[in-house]
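Geometric and topological summary
Chain residues, written in single-letter form:
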Amino acid sequence: MANRSAAELALLGGTPVRTEPWAQWPARGPEEERAVIAALRDGDWGGFPLPNERSAAFARAFAKRHDCEHALCVANGTVSLEVALQAMGVEPGAEVIVPAYTFEATASAALFADCIPVFADIDPGAWTIDVDSAAALVTQRTQAIVPVHLAMTVADLDAIRGLASRHGLAVLEDCAHAHGARWRGRGVGSWGDAGSFSFQTSKLMTAGEGGIVTTSDAAILDRLHALVNCGRQRPGGSSHTPVIGHNYRMTDLQAAILKVQLGRLDEQHELRQRNASRLRAAIEDIGGLTNLRIDPRVTVQAIYQFVFRFESGAFAGIDRDVFVAALQAEGVPADGRFYESLPASELLRPDADRYPAWSAALARGPAADCPHAARTAYRESVWLPHQLLLGGASDVEDIVAAVLKVQRGAAELAGLELEQVERLRQARSAR
Ligand SMILES: Cc1ncc(COP(=O)(O)O)c(C=O)c1O
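In this report, the structure presented in the accompanying data block is examined. As a convention, each chain's residues are numbered from 1 in the sequence order in which they are written. In keeping with the model being predicted, local features are shown solely for residues with a pLDDT of at least 70 and side-chain atom pairs are shown and tallied solely at 80 or more, while totals for entire chains, interfaces and linings include all residues. With hydrogens and water excluded, all non-hydrogen atoms of the structure serve as input to the side-chain values.

**Regarding helix α13 (residues 393-413)**
Worth spelling out the cut-off: Working definition: helices are DSSP H or I runs of at least four residues, strands are E runs of at least two. Numbering for both runs from the N terminus. Expected helix span is taken as 1.5 Å per residue step, with the number of steps being one fewer than the number of residues. Two axes are fitted around each residue, one to the seven residues ending there and one to the seven starting there, and the angle between them is reported as the bend at that residue. Think of it in three bands: with a 1.4 Å probe and only protein chains considered, a residue is buried below 20% of the maximum accessible area for its type, exposed above 50%, and partly exposed in between.
In this model, α13 (21 residues) spans 29 Å end to end at C-alpha, consistent with the 30 Å of a helix rising 1.5 Å per residue. The sharpest bend along α13 reaches about 40 degrees and sits at Gln407. Looking at α13, one finds that the buried residues are Asp395, Val396, Ile399, Val400, Ala402, Val403, Lys405, Val406, Gly409, Ala410 and Leu413. A positive backbone phi angle near 90 degrees is found at Gly415, which sits one or two residues after α13.

In structure tokens:
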């Protein structure tokens with residue numbers, strides 16, 4: 001009886017493969033506590049004057065780590081994209097090419113900078129921006145391209161820089177997933193005119209919230225300072241062009257935590273990498289699942305989420321979302337529709353009053369088709385949070401065991417509607 005229950009899918013009432021907790025995230029210890037208490041005690045909590053002492057020290061270390069001359073801490077990884085575009089000189093009304101498969105902020109930041117996001121399709125084997133698709137979208141109005149180093153890889157920075165230099169485009173790397181990653185030996189965030197990182201809770205380094213912009217261009221740094229510090233000029237800077245700025249400063253309490261988190265990055269990278277290699281090897285042997293292609297020019301991989309492609313034919317024809325629900329029921333945190341295809345996103349609806357230039361651009365002609373982004377978002381993508389890889393080999397074995405169990409039992413789920421699956425899921429969690 002016990003065996004039968006263990007073989008039965010947890011979604012249908014069986015025993016889950018995994019009931020033990022996974023590695024905790026955010027990773028934290030006495031070092032973070034000491035850093036926060038020290039900051040708390042000296043009373044210098046805020047971000048003013050910019051840069052405050054702790055955020056200046058953290059920014060120096062972060063810039064160095066990513067082979068950049070400068071970095072400036074900001075409130076989060078959305079405003080970091082917005083001010084970076086403005087500081088790079090991208091003008092209001094300009095078109096900014098972004099991948100169709102990413103978090104909405106990559107595109108909404110362009111709108112906040114009064115620009116028009118234009119969606120390029122992705123490479124279906126790597127999920128990063130397809131540079132040929134981007135090239136086909138360049139017009140007289142295009143001023144920037146924003147590659148996203150998505151999930152566990154780095155966009156093709158050589159091809160992107162080639163495209164940018166042919167057309168005089170600024171490059172802003174969205175590195176929200178890619179702390180510490182390296183392309184041909186050099187840090188991400190140093191290949192474009194600027195790089196943008198997020199320190200939101202799920203990210204590879206976190207202070208709960210936060211962001212940073214990296215650059216090696218002192219003029220960009222000057223403009224960034226003014227944009228995030230209510231228009232005030234950078235002390236010692238050479239730009240005196242007035243701008244109206246926000247208060248987008250990070251607090252020094254956050255910077256205190258981030259300095260410690262940076263020190264944890266190498267060890268965590270190594271552990272995640274080791275477990276990711278095990279998981280990739282296991283996935284190679286599972287029919288219907290495909291690993292993403294990792295370009296050999298990615299010399300240090302940052303794994304924000306472990307991702308793979310799902311093909312329902314090898315799972316009795318069940319929908320990707322049913323597969324993910326069954327995996328979750330087995331005790332493996334997983335997501336399918338982690339990101340939308342942005343041209344179809346509910347969160348990015350054109351609002352003609354608020355964004356007239358964008359609405360006018362959409363009215364000029366149909367948006368480019370992004371079939372790879374749509375297929376990835378709605379049928380194929382499976383995302384596992386990185387902390388699942390911060391344990392031992394037995395954690396990876398549990399993930400693989402859960403996937404195989406769902407595959408063996410998939411026929412029992414075939415034909416179920418998503419609403420029925422949701423009811424089963426709710427019934428399970430109510431038990
Ligand atoms: C690719 C990408 N860009 C931008 C952001 C925005 O970062 P934040 O949440 O810190 O505003 C995120 C994350 O949330 C992201 O995943």
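**Examining the environment of Ala136**
Within the fold, Ala136 resides in the loop between α6 (131-135) and β4 (142-145). As a C-alpha pair, Ala136 and Trp383 span 247 residues in sequence and 29 Å in three-dimensional space.

**With respect to the pairing of strand β8 (residues 194-198)**
So the rule is basically this: Strand pairing is defined by DSSP finding a minimum of two bridges between the two strands.
Most of β8 sits inside the fold, with 5 of its 5 residues counted as buried. Because side chains alternate across β8, one face comprises the buried residues Ala194, Ser196 and Ser198, and the other comprises Gly195 and Phe197, equally buried. In this sheet, β8 lies alongside strand β5 (residues 170-174) in parallel orientation, the contact comprising 3 bridges. Within β8, the residue paired with Glu173 across the bridge is Gly195. Relative to strand β9 (residues 211-215), β8 runs antiparallel, the two being bridged by 4 bridges. If you follow Phe197 over to β9, its bridge partner there is Ile212.

**Side note on the packing of aromatic side chains**
To keep it simple, the criterion reads: Only rings of Phe, Tyr and Trp enter the pairing, Trp through its six-membered ring, and a pair is recorded when the two centres are within 6.5 Å. The plane angle decides the type: under 30 degrees is stacked, over 60 is edge-to-face, the rest tilted. A ring is scored as having a charge over it whenever the NZ atom of a lysine or the CZ atom of an arginine sits within 6 Å of its centre and within 35 degrees of its normal.
By the definition in use, this model includes 18 aromatic pairs. Relative to Tyr339, the ring of Phe103 has its centre 6.0 Å away and its plane inclined at 40 degrees; by these criteria the two rings are tilted. Taken together, the positions of Phe103 in the loop between β2 (95-99) and α5 (104-112) and Tyr339 in the loop between α10 (320-329) and α11 (356-364) put the pair 236 residues apart, joining distant regions of the chain. For Phe103, a relative accessible area of 44% corresponds to the partly exposed category. Between Phe310 and Phe315, the aromatic rings sit 4.9 Å apart at their centres with planes inclined by 50 degrees, giving tilted as the arrangement. Here Phe310 and Phe315 have matching classes, each one buried. Among the aromatic side chains, those forming a connected cluster through ring pairs are Tyr101, Phe103, Trp127, Tyr304, Phe338, Tyr339 and Trp383. Seen from the ring of Trp22, Arg18 lies directly overhead, with NZ or CZ sitting 3.9 Å from the centre. Directly above the ring of Trp191 sits Arg186, whose terminal nitrogen or CZ lies 4.0 Å from the centroid.

**Section: the nonpolar core**
Note the cut-off: Residues belong to one nonpolar core when they are buried, are Ala, Val, Leu, Ile, Met, Phe, Trp, Tyr or Cys, and are joined through side-chain atoms within 4.5 Å. Any two residues having at least one pair of non-hydrogen atoms within 4.5 Å are treated as being in contact.
Membership of the largest hydrophobic core comes to 106 residues, with the highest contact counts inside it found for Leu85 and Phe323. Here this core takes 8 residues from α13, the largest share from any one element. For Leu85, the residues in contact, after removing those within four places along its chain, are Val90, Val96, Ala109, Ala110, Ala113, Ala144, Val146 and Leu172. Counting 29 residues, the second largest nonpolar core, distinct from the first, contains Trp191, Met250, Ala255 and Ala302.

**Some thoughts on the sheet that holds β4**
The pairing of strands in a sheet comes from backbone hydrogen bonds and takes either a parallel or an antiparallel form. Here is the rule we go by: Axes here refer to lines fitted to C-alpha atoms; in helices the fit is confined to the stretch in contact. Angles between the N-to-C directions go from 0 to 180 degrees.
Reading across from one edge, β1-β9-β8-β5-β4-β2-β3 is the order of the 7 strands in this open sheet, with mixed pairing throughout. The open sheet has two free edges, formed respectively by β1 (70-74) and β3 (116-120), since each of these has just one partner strand. Here the average twist between neighbouring strands, direction ignored, is 25 degrees. Lying on the sheet, helix α3 (residues 53-65) is in contact with β1, β8 and β9; it crosses β1 at an angle near 130 degrees.

**A word on helix α2 (residues 30-42)**
Definition in use: Of all possible arcs, the one meant is that of the directions from the helix axis to the C-beta atoms.
With 13 residues, α2 extends 18 Å between its outermost C-alpha atoms, agreeing within 8% with the 18 Å of an ideal straight helix rising 1.5 Å per residue. Those residues of α2 lying buried are Glu32, Ala35 and Ala39. Viewed end-on, α2 has its buried residues packed into an arc of 65 degrees, placing them on one side of the element. For α2, the exposed residues lying more than 90 degrees away from the buried face are Glu33, Arg34 and Arg41.

**Some points on the site of the ligand**
The cut-off we apply is this: By convention in this text, a residue qualifies as near a molecule or strand provided that one of its non-hydrogen atoms is within 4 Å of it. Throughout this description, a polar contact denotes any pair of N or O atoms lying within 3.5 Å of each other; where both atoms belong to protein, one of them has to be capable of donating a hydrogen while the other can accept it, and for residues adjacent in sequence the pair is counted only when both atoms sit in side chains. All residues other than Ala, Val, Leu, Ile, Met, Phe, Trp, Tyr, Cys, Pro, Asp, Glu, Lys and Arg, Gly among them, are scored as polar; the first ten of these are nonpolar and the last four charged.
As a matter of local geometry, the ligand sits amid 17 residues, with Gly77, Thr78, Asp174, Ser198 and Lys203 nearest to it. A distance of 2.7 Å separates an oxygen atom of the ligand from a polar side-chain atom of Ser198. One nitrogen or oxygen atom from the side chain of Tyr339 is found 3.0 Å from an oxygen atom belonging to the ligand. For the shell around the ligand, a count of residues per class yields 6 nonpolar, 9 polar and 2 charged.

**With respect to the pattern of salt bridges**
Where we set the bar: By convention in these notes, a salt bridge is any Lys or Arg side-chain nitrogen within 4 Å of a carboxyl oxygen on Asp or Glu.
By the definition in use, this model includes 21 salt bridges. For Glu32, the salt bridge is made with Arg264, and the minimal N-O distance between the two is 2.6 Å. You can see Glu32 sitting in helix α2 and its partner Arg264 sitting in helix α9 (residues 252-284), a full 232 residues away along the chain. Taking relative accessible area as the criterion, Glu32 reaches 7% and is therefore assigned buried. Arg297 serves as the salt-bridge partner of Asp156, at 3.3 Å between the closest nitrogen and oxygen. Here Asp156, found in the loop between β4 and α7 (157-167), pairs with Arg297, found in the loop between β10 (289-291) and β11 (298-300); they are 141 residues apart in sequence, far enough to count as distant. Judged by relative accessible area, Asp156 falls into the partly exposed class, the value being 23%.

By themselves, these are just geometric observations and shouldn't be taken as functional.
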